[in-house]
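Summary of the model geometry
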Amino acid sequence: DVANQELVVGCDLGSYKVVGLVGVKEEDKIKVLGWGEAESKGIEKGVIINIEKASESIEEALKMAFRMAGKDKKEIMVSISGEHAEGKIEKGFVVIQTPDNEIRREDVKKVIEQAKTRSYSEEKEVIFVYPNHFIVDDQKGIKEPVGMIGVKLEVEAFVLKAKKNVLKTIEKCFKRVGFEIEGYITQPLASSFAVLDEEEKSQGCVLIDIGKGTTDLAIWKDGGIQYTSTLKIGGDFLAGDLATCLKIPKIKAEELLKKYSFAHPKFAEGKETVLIERTGGRPPIKVTPEEYAQITEARLIEIFRFCELEILKWGGKENLIAGIVLTGGYANLEGIEEIAEEVFKLSVIKKGAKDVIGLSNEITHPSYSAAIGVLKIGIMEREKIKKMKKKSFFRKLIDFLEKI
Ligand SMILES: Nc1ncnc2c1ncn2[C@@H]1O[C@H](COP(=O)(O)OP(=O)(O)OP(=O)(O)O)[C@@H](O)[C@H]1O
Ligand SMILES: [Mg+2]
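Residues numbered from 1 in each chain as written. Chains lettered and ligands numbered in written order. Predicted model: local features only at pLDDT ≥ 70, side-chain atom pairs only at ≥ 80, totals over all residues. Heavy atoms only, no water.

Lining the immediate environment of ligand 1, one finds 16 residues, of which Ser15, Tyr16, Lys17, Gly213 and Gly329 sit closest. A distance of 2.5 Å is found between an oxygen atom of ligand 1 and a side-chain nitrogen or oxygen belonging to Ser15. Here an oxygen atom of ligand 1 sits 2.8 Å away from a polar atom, N or O, in the main chain of Gly329. Burial of ligand 1 by the surrounding chains reaches 82%, relative to a free accessible area of 640 Å². The residue makeup of the shell around ligand 1, split by class, is four nonpolar, nine polar and three charged. (Near = heavy atom within 4 Å. Polar contact = N/O pair within 3.5 Å; in protein donor to acceptor, adjacent residues only side chain to side chain. Areas by Shrake-Rupley, 256 points an atom, 1.4 Å probe, with all protein chains shown as cover. Nonpolar A, V, L, I, M, F, W, Y, C, P; charged D, E, K, R; others polar.)

Below you can see the structure in the form of structure tokens.
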């Protein structure tokens with residue numbers, strides 16, 4: 001039986017659905033014990049526009065997850081839209097002052113704290129820090145510097161900040177229904193941690209999560225986070241285009257996208273005619289699959305072109321050996337990989353979360369990547385705190401000597 005303090009609860013505030021997950025670490029995997037989901041209300045393009053409605057969705061999703069898990073918890077890890085967040089690479093520097101120049105956990109803590117302080121701002125709060133790599137004297141690319149010998153320790157960390165007011169509003173939504181927020185992460189990073197493997201992160205890749213209201217993008221290279229961005233265009237725009245082109249209500253277009261989920265003309269071949277039912281005894285509208293795919297393809301190309309601009313803004317795609325990794329609810333459209341390949345001229349793969357056990361069949365659908373990712377980060381942060389509390393050998397020795 002799992003102790004309550006071992007449980008991690010994650011909540012992804014998407015614009016299509018709010019997902020609640022209860023999980024626990026099992027070896028190097030995540031075991032999902034409970035899962036709940038509610039229609040996203042009061043959240044538009046990842047931004048809360050109605051506190052009362054948003055808290056209802058949050059409560060519904062979390063209660064469902066707790067019921068399934070047979071356990072509950074007050075503290076929740078939350079993944080929010082990247083819209084109001086800002087990520088930047090910051091540096092930290094400390095001189096090692098132990099007599100034998102051995103780097104202790106305290107030094108690592110101090111150097112990360114320094115990188116964090118660099119990015120101080122009045123209206124923004126640091127919500128997450130990820131040390132991309134450490135530099136000991138002049139040796140770069142170190143992931144675990146504790147125990148190494150050197151005179152100076154530097155860090156290059158990805159520091160993520162979000163607007164305090166936005167966080168306060170989100171906090172309010174959770175408080176209303178009796179929850180507290182344990183930590184925040186943005187959706188592009190949450191999805192990254194769920195989906196990407198170590199090789200992709202080190203070779204260089206771009207994670208693209210296409211949801212209903214937003215497209216999230218994260219660039220990884222050399223095992224570190226290089227850049228993240230959230231575009232306010234998502235799969236919703238495909239439905240909008242279908243509605244306009246076919247002169248049907250948007251809600252009908254959304255249904256069509258679920259039923260006819262292909263996006264590339266190549267995949268239209270041999271597909272059945274797209275039928276749009278009408279009321280009042282009118283005959284259904286018939287659209288050829290080719291025509292249908294042309295509409296969806298055009299919009300996806302546009303979304304990918306915007307993503308490409310972000311990649312160029314960061315520094316170009318030459319060094320992104322592992323290419324593009326697609327996830328999110330709309331990554332499931334048939335032919336989307338081919339469209340992405342044509343735009344980016346890079347290798348493209350579509351994926352859901354990895355290393356999940358428990359409800360893995362349901363929950364590794366690409367639309368749950370951010371939700372699984374926020375659980376994973378909850379677990380990671382816990383491990384970090386545990387490690388920090390563990391004293392280094394050197395520290396223990398000093399304490400021992402001081403006592404006698
Ligand atoms: N479990 C599922 N199985 C099949 N399709 C799904 C599932 N969940 C979502 N979808 C599809 O994915 C689309 C929404 O994508 P997603 O769930 O990634 O959005 P979101 O994360 O809530 O939104 P955003 O990230 O933009 O805030 C929906 O239109 C739906 O058709
Ligand atoms: Mg999402």
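Attention now goes to the UniProt feature "domain: SHS2" (unreviewed entry) in the protein chain. Mapped onto the present numbering, the UniProt feature "domain: SHS2" (unreviewed entry) falls on residues 8–195. Secondary structure across residues 8–195 divides into 29% helix and 45% strand, with the first and last C-alpha atoms of the span separated by 18 Å. (UniProt positions renumbered as here; feature names shortened; annotations may be inferred. Helix = DSSP H or I, 4+ residues; strand = E, 2+ residues; numbered from the N terminus.)

We now examine the packing of aromatic side chains. Applying the stated rule across the entire model yields 10 aromatic pairs. Between Phe128 and Tyr130 the ring centres are 6.4 Å apart and the planes differ by 20 degrees, which places this aromatic pair in the stacked class. Note on accessibility: Phe128 and Tyr130 belong to one class, buried. Between Tyr260 and Tyr292 the ring centres are 6.0 Å apart and the planes differ by 65 degrees, which places this aromatic pair in the edge-to-face class. Pair noted here: Tyr260 is in the loop between helix 7 (250–259) and helix 8 (265–268) and Tyr292 is in helix 9 (residues 289–314), with a separation of 32 residues, a long-range link. Tyr292 shares its class with Tyr260; the two are buried. Above the plane of the ring of Tyr368 lies Lys17, whose end atom (NZ or CZ) is 4.6 Å from the centre. Sitting over the ring of Phe262, Lys271 keeps its end group 4.9 Å from the ring centre. (Phe/Tyr/Trp six-rings, centres within 6.5 Å; stacked < 30°, edge-to-face > 60°. Buried < 20%, exposed > 50% of the residue type's maximum accessible area, 1.4 Å probe, protein only. Lys NZ or Arg CZ within 6 Å of the ring centre and 35° of its normal.)

With that settled, consider the domain arrangement of the protein chain. When the parts of a complex come together, some accessible area is lost, and that lost area is often taken as the interface size. Domains assigned within the protein chain are domain 1 (85–162) and domain 2 (198–352). Each partner contributes residues to the interface: domain 1 has six residues there, and domain 2 has eight residues. Taking both partners together, domain 1 and domain 2 bury about 520 Å²; carbon and sulfur atoms supply 56% of that area. Ranking the residues of domain 1 by area buried against domain 2 places Tyr130, Asn132 and Phe158 at the top, with a combined share of 66%. (Domains from an automatic or database assignment. Contact = heavy atoms within 4.5 Å. Buried area = accessible area lost by both parts, 1.4 Å probe.)

Attention now moves to the nonpolar core. The nonpolar side chains of a soluble globular protein tend to be buried with one another. Within the largest apolar cluster, 65 residues are counted, with the highest numbers of intra-cluster contacts made by Leu13, Leu21, Val32, Leu62, Ile76, Phe128 and Phe174. Viewed by domain, this core spans two of them, domain 1 (85–162) and domain 2 (198–352), each represented by three or more residues. Beyond its immediate stretch of four places on either side in the chain, Phe174 contacts Cys11, Leu13, Ile58, Leu62, Ile76, Val78, Phe179 and Ile181. Counting residues in each nonpolar core, the second largest holds 45 residues, with Ala239, Ala263, Ala293 and Leu320 among its members. (Core = buried A, V, L, I, M, F, W, Y, C linked by side-chain atoms within 4.5 Å.)

Attention now moves to a nonpolar patch on the surface. A grouping of Leu397, Phe400, Leu401 and Ile404 is seen on the molecular surface, where their side chains present a nonpolar patch of about 430 Å² in accessible area. Mapped onto the secondary structure, Ile404 falls in the segment after helix 13 (393–403). (Patch = residues over 30% accessible without salt bridge, like charges linked within 9 Å, V, L, I, M, F, W, Y side chains within 5 Å. Salt bridge = Lys/Arg side-chain N within 4 Å of Asp/Glu carboxyl O.)

The subject of this paragraph is the side chain of Glu297. Looking at the element boundaries, Glu297 is found in helix 9. Despite being buried, Glu297 has no salt bridge partner; Arg305 is the closest side chain of opposite charge, sitting 9.2 Å away. Among all residues touching Glu297, those that are not within four sequence positions of it are Ala263, His264, Pro265, Ile339 and Glu342. (Lys, Arg positive; Asp, Glu negative; His and termini not counted.)

We now examine the pattern of salt bridges. The final tally for this structure, using the stated rule, is 24 salt bridges. Among the salt bridges present, the one from Glu182 reaches Arg382, with a minimum N-O distance of 3.2 Å. Placement of the pair is Glu182 in strand 11 (residues 180–186) and Arg382 in helix 12 (residues 369–389), with a sequence separation of 200 residues. Residue classification places Glu182 among the partly exposed residues on the basis of a relative accessible area of 35%. Connected through shared salt-bridge partners, Glu86, Lys124 and Lys161 make up one network.

As a further point, take the sheet that holds strand 10 (residues 152–163). Strand order in the open sheet made by the four strands is 7-10-8-9, with antiparallel pairing throughout. Strands with a single pairing partner mark the edges of an open sheet, and in this sheet they are strand 7 (85–95) and strand 9 (139–142). When the angles between neighbouring strand axes are averaged without regard to direction, this sheet yields 35 degrees. Note: strand 8 (residues 124–136) against strand 10, 11 bridges, orientation antiparallel. Within the sheet, the bridge partner assigned to Ile135 lies in strand 10 and is Glu154. (Pairing = 2+ DSSP bridges. Axes fitted to C-alpha atoms, helices over the stretch in contact; angles between N-to-C directions.)

Before going further, it helps to spend a moment on the sheet that holds strand 6 (residues 75–80). Pairing within the open sheet is mixed, and its six strands lie in the order 11-6-1-2-3-19. Only two strands of the sheet have a single partner each, and these edge strands are strand 11 and strand 19 (356–358). On average, each strand axis in the sheet is inclined to that of its neighbour by 35 degrees, with strand direction left out of account. Both strand 6 and strand 11 contribute to a ladder of six bridges, which runs parallel. Paired with Glu75 across the two strands is Glu180, which belongs to strand 11. Across the sheet, helix 3 (residues 164–176) is in contact with strand 1 (8–13), strand 6 and strand 11; its angle to strand 11 comes to roughly 135 degrees. Strand contacts of helix 4 (residues 187–195): strand 1, strand 6 and strand 11, with the helix running at about 85 degrees to strand 11, the strand carrying the most contacts.

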